[in-house]
Structures are given as C-alpha cells and as structure tokens.
Amino acid sequence: MTNQTITSVSRESRLFKPSAEFKAQANLGSEAAYKKLYAESVNSPERFWERQAKQFLTWRKPFTQVLQWKPPHAKWFGGGTLNVAENCLDRHLGTARENKAAIIFEGEPGDIRTLTYKQLHREVCKCANALELLGLRKGDRAAIYMPMVPEAAVAMLACARLGVVHTVIFGGFSSEAIKDRINDCGARVVITADGGWRRGKIVELKDSVDRALGATPSVEHVVVLKRTGNAVTMKEGRDLWWDDLMAAAPAVHKARAHASEQPLFILYTSGSTGKPKGVLHTSAGYLLGAAMTTHYVFDIKETDIYWCTADIGWITGHSYVVYGPLSVGATVLMYEGAPNQPEPDRFWEIIDRHGVTVFYTAPTAIRAFMRWGDEFVTRHSLASLRLLGSVGEPINPEAWMWYHKMIGKKRCPIVDTWWQTETGAIMVTPLPGITPTKPGSCTRPFFGVVPKILDENGKPVSRGSGGKLFLTQPWPSMLRTLWGDDARFKEQYWSEVPGLYFAGDGARFDEDGYLWVVGRIDDVLNVSGHRIGTAEVESALVSHPSVAEAAAVGRPDELKGQALVCFVTLKGDQRASDELKEALRAHVAREIGAIARPDSLRFAAALPKTRSGKIMRRILKEIAAGGDVKGDITTLEDFNVVASLQAEE
Ligand code: WT7
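Residues numbered from 1 in each chain as written. Predicted model: local features only at pLDDT ≥ 70, side-chain atom pairs only at ≥ 80, totals over all residues. Heavy atoms only, no water.

Colleague: Which parts of the structure should I look at to understand the overall build of the protein?
Modeller: What the protein contains, in helices and strands, is 21 helices and 30 strands. Against the compact-globule benchmark of 26 Å for 649 residues, the protein has a radius of gyration of 24 Å, which places it among compact chains. Within the protein, the proportion of its 649 residues that are buried is 61%. Entry remark: accessible area of the protein is about 24,200 Å², with carbon and sulfur atoms responsible for 52%. Of the charged side chains in the protein, 79 are positive and 74 negative; the average position of the first set lies 5 Å away from that of the second. (Helix = DSSP H or I, 4+ residues; strand = E, 2+ residues; numbered from the N terminus. Rg over C-alpha atoms; globule rule 2.2 N^0.38 Å. Buried < 20%, exposed > 50% of the residue type's maximum accessible area, 1.4 Å probe, protein only. Areas by Shrake-Rupley, 256 points an atom, 1.4 Å probe, with all protein chains shown as cover. Lys, Arg positive; Asp, Glu negative; His and termini not counted. Charge placed at Lys NZ, Arg CZ, Asp CG, Glu CD.)

Here it is in structure tokens:
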C-alpha cells in the first residue's frame, strides 16, 4: 500500500504549498493579506468585526455596539437587528442566485431533487407559517429529529425565521436521548419523519419519538414528514403530517427582525459529566462566523458545488451544511445515507455525478475509505474536486496523505479545520490559497482567534511542548452559555484559567508556530469524530439492574480514532455471561444511541480505586490498550485488582 512508505517520513518535514493556480483564484490569496487582516483582527478586533459584520450580513437595523464583553459573557452587535433566514435566503432573491440550486439532494435509494434558492425560500416561508399556526412564537423551542433531507434544513430555517430556538437531535440518538433533550429545553413541537434511509434499511424515527414522548410534558405537537412511507402511529390531536400543514400554509411569510443576540439554536454535546450540555448559539455573531469561514476557508465561488458530509445533528451540519453555505449563496449537496450503500464508492460516485468541487469530511470516514480499498476510488474521476477539508478529530498523517493523493490527486489543498460545537465556526485552519500545510496539523488561527497553550499551572509552555489549549479573546460565534445552566458554563469553560476559554483539548505549537491538536484531555472520548462523555456511558450502564459500578475509557483505534471500552462490576446476585455482555452493550445503545455502543465490555470483580474511592481511569486506559500498567500506582487501594483485571483479558 502506498501509505506504508509515508509513515517512515518525519511528518514535520513535509510541507505542501498551494499551487499558483489555486492561489490566483482564491478568495484570499496572499500571505501579506492574511497577516494584515489577522493583525487587525487581534489588535483592533472591534474595528475588524464591525467591517466583517457589515460585509457578510444584511441588517434590518445597524448595530451600535460591536462587543460588550463581561467575561465570560459576550454580547455581539448590540442594537442591531436582522433575520438569519432572510440572510440565508431572501437576500439572494432578485439576484443572479435566485434560480441557482441552493440544495442538491440525493437520497440513499438514489432519488435526486434540486431546490433553487427561490424554491427553498418558498418552502421555508410555508413551514414558518405552519409552525406559527401551531402556536410557535419567538423564543419557544422546537426539536428537530430528522433524516438528512432538505426538509431538515427547511425546518431549521423556518425556526430561525420565527426566532424559534431549534434543537436538532441527531437521528442516531435513542428515545432516551430525545427525551432528555426535549425536557432540558422544554420543546413545544417536535419535527420528525416516518423514517430515513440508512444502509438500505429504514431508521424508524417516528417510533423513537413516540417512545420518548411518554415523559415529555412540554410537547404539544409532532410534525411528521413522509420520507420512507412506512407505517407509523399518529396520535390524534398531537401528531400532524408535514405535507398537510405545508399544503395549507401560505407561501408568503414576512420575516420579522430579531435582535443580534436572539437565541438561534441549542445543540447538545457531551461533556465530562453524565448530562449533555445544551450549547446555546445566538443569531448575528454565529451567522457571521459561519459565513465568513465558509467564504475564506472553503473559498466558495458562485460555480462551486459544495459538499459537507456531516449530519445536521452535529454542529458541522449546522454551520457548514445550512447556515454558512446558504448565507454566502453556495450550492450545497446533501446526501441522506451511508458512504458504503450500495457499494463503498457511493461518495465518489456522488462527486462525479454532481460535479462536487469542495468536499468536507471527517478523518474517521477517510480511514474507512482507506480500508475499503483504492479500487473503489480509482473507478471514478473526481476531476471536479478543487478543495478538500477535514474535521472532527486529529487527522493522522497517513490518512492525510491518502486523502491528498487518492482523493485530491495532489491537486487540491486540504484544510484541516479545528473547532468545536462551542466555537460555532472554524477557529484554527489553513487558508487554502495561502497556508502551506503539514499533514496532521490544523496550522494557524483564523481571524480573531488567539490560541494559547498552558501547562497544569496555567503557565505558558515552551514552544514544542504540549499543554492545554485555550482561546484568549472572545469571538462572534462563541457559545453564549449552556441552556439553563450558566454555572456549568462558567465552570466548564472559564474556570481552568479565569478569563480564558478552555477548549478541553491538548495541543502544541511547532517551531513554525503551527498548531497540532492531539485530542481531548478531559473525560470525553472522540469516537468516529463524535464526542462521547465517559460519564454518560457509565450512567447508562449503572442504570441497568445488573450493574453495580462501571468505568468507560478510550482505547486507540485505527478506524474510529478511539474505541469505547467499559469495565463493569455486577451486583451481588448477578453472574457474568456473554449474554449479559451483549445485553449491556445493547442497553447503552438504547440509552444513548448506537454511536455510544461499547466496542468492548469487560466484567471485573472490582475496579482500581484510590484510597479515597476514586476510580483510577489511567490504569484502566492502560489495561484497555493492552499494555503494562506504568506510572505511579502507590495511591491504588488494592493492587490485586489490577492483576486480576489484566488476567481476565
Ligand atoms: C472536538 C470538538 C467541530 C466539529 C466536529 C466536532 C476535536 C475537531 C479537529 C481537528 C483535531 C479536532 C477536538 C475538539 N476536533 N476538529 N481538525 N483536529 N481535533 O465537534 O463534537 O464539538 O468536538 O473535536 O477534540 O475539541 P465537537
């Protein structure tokens, strides 16, 4: 395989410069321009952001104050009003974009649909009217639990238009996860579908919603889109068909202006405790971050067909499938299903079929393609591609090189973009016409971003040494708080070093000032590019009647980045068995969703603990990785526990 020779080369020695052709056409193509803008963005941030906000957004009423910063609370573009949906749709009408494709959709079964900006606008207006008729008002919450179909974007934009705060729940989450999220934000309406297609099968979304709704007093209505046509139960008075509502709704909707800080959406993400965090994003600042990065990082042109493979259930789907690309008037490709349906070359087939020019995916997907084999790629031309992106976890240099050669044909710059649900938009990234790239490094900060790496005591580390990653300046698309839990917001992000935003990642700068993010340092795993809180998995496990205690840790995994390994002790009367093991894995999948299903589950007589009773995860991590237990174990209460855990392997 080609990538074998690559691993032996020192990664820092490889530098890939953008081609002269790319540079010449780039939205930002000179190092001097980047330096100048970056310097302004950190030295005179208010002047910088004022100009960007005027350039990228259409305002109903101009803002009067760029930033009000009372750490850790920021208010951006105070006094201003706008409508996010209007910025994504209405402002393109009456221009050359009006009849341009906004969304090209391909369903897993092969159905293809195109919605122009004008058509998408019409759908969003109808949906906004329909939601209004259901009684939804500005500030109310609505949950969206849908497959990757255009109607998901329609629902999001309709909420945005009304000032209704949406929370999109990833279609792979279980009914337990739906229930928790609905209850946490008090959603009045759930928008879902009869199902969605995934790997040739129907994911029964409505069914999961039904199971969640027994214990969600806030929900008044469920709107159900017909996607797969399978039978679902409709509860009289509560459940309504999307098609019926849309057919009855007027196609004209006058958008109201909302304040810059109007909450736009809540997106739940895993943290280091059992309860997911409701990350709150607001309107103007978030949209500015999404729009600006789409323009500069993805170098969007009128002629691009842009494809971000993320599901709308994740922040990447919010910022780079819906809000960012539509606000800059791009054509977005949306694909419903799995990358290996019917064959492992579906993505490459789609790229050729639709002429995709900009492609943004995750390292875990890239590693899967590598494993499936080059022959699935070389069947297709991929000649339309001009720019590639990566997000979700550190991309290993082997995967980077494969992406570069096999997909990019050594012609396309790769933007390895570091950011988080909380940051709303890309924070550290190459600029494709400017930044020479190194495989595995997300390179340099985007405008307005000032990363710092500090040690355990909050002191700067020397260049080349690793430490904790902080951001030192507020930025427009930053999270504003955690929904209903401002204390946790302060504690989680702003207490490690007071006044600085703590990202929860470990990182280092190299000799060229390039940033290398190595991964999470809190008790959060990155499995296939998605954050899973170990505490969340543990609390799911102990909710099972057989389990006494549980500890979840990560083990390095070639494909998933990290695999989830659980250690479980059983209640006195319970016996370990393969059946119970499977039942517990299924239980976690049911409680949280299939993405959290433990890769391996081990029964133990006891877990290694300190004398004060804290589980020593470091030891479990080492055992899970199959290595020796190294380092200090003097605080371990009972050494025999470790010996027996190793023996049980
Ligand atoms: C965590 C955020 C942001 C969209 C997808 C994930 C890891 C993300 C990179 C990258 C190294 C990365 C970090 C981060 N991460 N992108 N390019 N290089 N690590 O969003 O679920 O909020 O996870 O993903 O650990 O903290 P998220």
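Colleague: Hey, could you run me through unusual backbone geometry in this one?
Modeller: Generally, phi is negative for residues other than glycine and the peptide bonds are trans, each holding for most cases. Omega for the peptide link from P71 to P72 comes to 0°, which places this bond in the cis form. Its place among the elements puts P72 in the loop between β1 (65–70) and β2 (73–78). Note that the residue after Q341, namely P342, is joined by a cis bond; omega there is 0°. Mapped onto the elements of the fold, P342 is located in the loop between β17 (331–335) and α13 (346–354). One non-glycine residue with positive phi stands out, namely K409, at about 50°. K409 sits in the partly exposed class, given a relative accessible area of 30%. Despite not being glycine, T443 has its phi angle at roughly 65°, a positive value.

Colleague: For this particular structure, what's the right way to read the environment of D523?
Modeller: Along the chain, the position of D523 falls in the loop between β25 (515–520) and β26 (524–527). When the C-alpha positions of D523 and K61 are compared, they lie 44 Å apart, and in sequence the two are 462 residues distant. When sequence neighbours within four positions are dropped, the list of residues in contact with D523 reads S272, I532, G533, T534 and R617. (Contact = heavy atoms within 4.5 Å.)

Colleague: How do you make sense of the site of the ligand when you look at a structure like this?
Modeller: Taken together, the neighbourhood of the ligand is formed by 17 residues, with D416, T417, T421, D505 and R531 sitting nearest. Within the side chain of R520, a nitrogen or oxygen atom sits 2.8 Å from an oxygen atom of the ligand. The contact in question runs from an oxygen atom of the ligand to an N or O atom on the side chain of R531, over 2.8 Å. Counting residues per element, the ones that place at least two in the shell around the ligand are α12 (315–327) and β25. Looking at the shell around the ligand residue by residue, the classes come out as six nonpolar, six polar and five charged. (Near = heavy atom within 4 Å. Polar contact = N/O pair within 3.5 Å; in protein donor to acceptor, adjacent residues only side chain to side chain. Nonpolar A, V, L, I, M, F, W, Y, C, P; charged D, E, K, R; others polar.)

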